[in-house]
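Architecture at a glance
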Amino acid sequence: MNPLAESLNATLEGTVAHRLLSRTGRHLFFPKGIVAQSAEAKERAHRFNATAGMAYRHGAPMILPAAASVSAAFSPAESVAYAPTPGVAALRERWKEEMIKKNPSLASVRTSRPLVTAGLTNGIVHLAELFVDAGDPVVMPDMFWGNYRLILEHRKEARIMTFPFFSEEAGFNVEGFAAACTEAATARGKVIVLLNFPNNPTGYTPTEAEARAIVARLTALADDGTDILVIADDAYFGLFFESGLQTESIFAPLSTAHERILAAKIDGATKEDFAWGLRVGFITYASPGLDDNAINALEQKTIGSLRAVVSNTSNLSQHMLLKVMNDPAYERQKQDARDILEGRYRELKAGLERRRSSDPDSPLTVLPFNSGYFMSFDCGAVDAEALRLALLDRGIGTISIAGRYLRVAFAAVEQESIGELIDEIYDAAAGM
Ligand SMILES: Cc1ncc(COP(=O)(O)O)c(C=O)c1O
């Protein structure tokens, strides 16, 4: 093992992060080579700095005139130059500041500085590298974003362990969740949990009481001696359309819950800032079991994973996001965009209610939803894939899941078309 990895492991020794690291995670470190030598040269190479693998002219990164003209709002240092592996420092600070505004209870919590990833998917991949070994169970509700399977099962050979998403009272199934966590703890002595609220594909966010129960169950398990990694995938954060919902990330209460709980937050600009293709996401850690040195060691391991996989994330994207976030109109513009989605949500809720009462024999059941981009139908006796194809014949695109559920991205459909969309779905299902 590399001595730098050994030193990081020694710093983490005795912490929940150390116990949870995968084989790869134990070996990871951020090499000091080029970065350290470049930093040294910045101080001392007053004649020629021939360290970094970038071309310079007149003291600035070289840029093709065509590139300069299409990125005129950015200097070459903000556009074509490499970004630092952990991300642009000012953006990391700004994202953290915003994270605290969105989750006020984090104000007094020690968290890592957010590390920039190439989108949220990439963040999940890094966490899987660091913490998931072949055969590890990863607990999540039975309705989840399909890419988790590709990342965790097909790539890392983990075992996704699910429980039914909804309780009989049509809320989050806390009992099922706790039972799955206990089963994973028994099988492996540790638990990895992946929670995504607002959820894809259901559009469900737990109520405050449900969130408290989730945290309480995990804390009880930790009290019994189980180490727990909770990954909060907050892709759709902020799109809450009902009152009484848990409007802080579940990361926030978990960040102080227990020394045996390591909370990892995955978030980013993708959905929240309506910037899907910029590919800017973030990983943030917190645990009462980690002091500043341990947080730093965990960051170094994560930066090592970033260096090995993407080296660094698009500098232009990061600077674009930073400028957007620093625009005085940022908050208002975001609220305007959220209001548009909320209008679609309200239209959908009202339309579904209308259709449910006028069409009581429909095979479709609307699953609970209160947030995010999506809602799903349980198609009952109707094959969801067949329904999807029938809708395609009508010129309507939806997603079928596991032959049983039909996911509708209401965020993608204009408010004035929502009623027609609902009618088409119910009519197609009735004709099957
Ligand atoms: C729950 C969830 N997490 C993560 C992502 C991916 O985000 P990104 O495009 O930034 O990789 C998605 C995208 O659909 C998602 O639904």
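About the cut-offs
Residues numbered from 1 in each chain as written. Predicted model: local features only at pLDDT ≥ 70, side-chain atom pairs only at ≥ 80, totals over all residues. Heavy atoms only, no water. Axes fitted to C-alpha atoms, helices over the stretch in contact; angles between N-to-C directions. Helix = DSSP H or I, 4+ residues; strand = E, 2+ residues; numbered from the N terminus. Parallel < 35°, antiparallel > 145°, perpendicular 65-115°, else oblique. Left-handed = near helix turned anticlockwise from the far one by under 90°. Contact = heavy atoms within 4.5 Å. Nonpolar A, V, L, I, M, F, W, Y, C, P; charged D, E, K, R; others polar. Near = heavy atom within 4 Å. Polar contact = N/O pair within 3.5 Å; in protein donor to acceptor, adjacent residues only side chain to side chain. Areas by Shrake-Rupley, 256 points an atom, 1.4 Å probe, with all protein chains shown as cover. Domains from an automatic or database assignment. Buried area = accessible area lost by both parts, 1.4 Å probe. Salt bridge = Lys/Arg side-chain N within 4 Å of Asp/Glu carboxyl O.

1. Notes on the packing of helix 6 (residues 89–102) against helix 14 (residues 315–326)
Running from N to C, helix 6 and helix 14 point in directions that differ by 45 degrees, and their axes come no closer than 10 Å. In terms of orientation, helix 6 and helix 14 fall into the oblique class. As for the relative orientation of helix 6 and helix 14, their crossing is left-handed in sense. Of the residues in helix 14, those touching helix 6 at Ala-90, Leu-91, Arg-94, Trp-95 and Glu-98 are Gln-318, Leu-321, Leu-322, Met-325 and Asn-326. Among the residues forming the contact of helix 6 with helix 14, the class breakdown is six nonpolar, two polar and two charged.

2. Considering the site of the ligand
Lining the immediate environment of the ligand, one finds 13 residues, of which Thr-121, Asn-200, Asp-233, Tyr-236 and Thr-270 sit closest. Note that an oxygen atom of the ligand is positioned 2.4 Å from one of the side-chain N or O atoms of Thr-121. Contact with the protein chains removes 91% of the 400 Å² of surface that the ligand exposes when unbound. Mapped onto the shell around the ligand, the elements with two or more residues apiece are helix 7 (120–131) and helix 12 (269–272).

3. Looking at the domain arrangement of the protein chain
Looking at the protein chain, the domain boundaries give domain 1 (3–30 + 85–326) and domain 2 (331–430). In this structure, domain 1 and domain 2 have C-alpha centres spaced 29 Å apart. Contacts between the two partners involve 25 residues from domain 1, matched on the other side by 22 residues from domain 2. With both chains or domains summed, domain 1 and domain 2 bury close to 2,000 Å², and 59% of this area falls on carbon and sulfur atoms. Inspection of the region where domain 1 meets domain 2 yields three salt bridges. When the shortest N-O distance is used, the salt bridge between Glu-242 and Arg-346 registers 3.6 Å. The interface formed by domain 1 and domain 2 includes 14 residue pairs in polar contact (both at pLDDT 80 or more). Taken together, the elements giving at least two residues each to the side of domain 1 that touches domain 2 come down to helix 6 and helix 12. Classifying every residue of the side of domain 1 that touches domain 2 by side-chain character gives 13 nonpolar, six polar and six charged.

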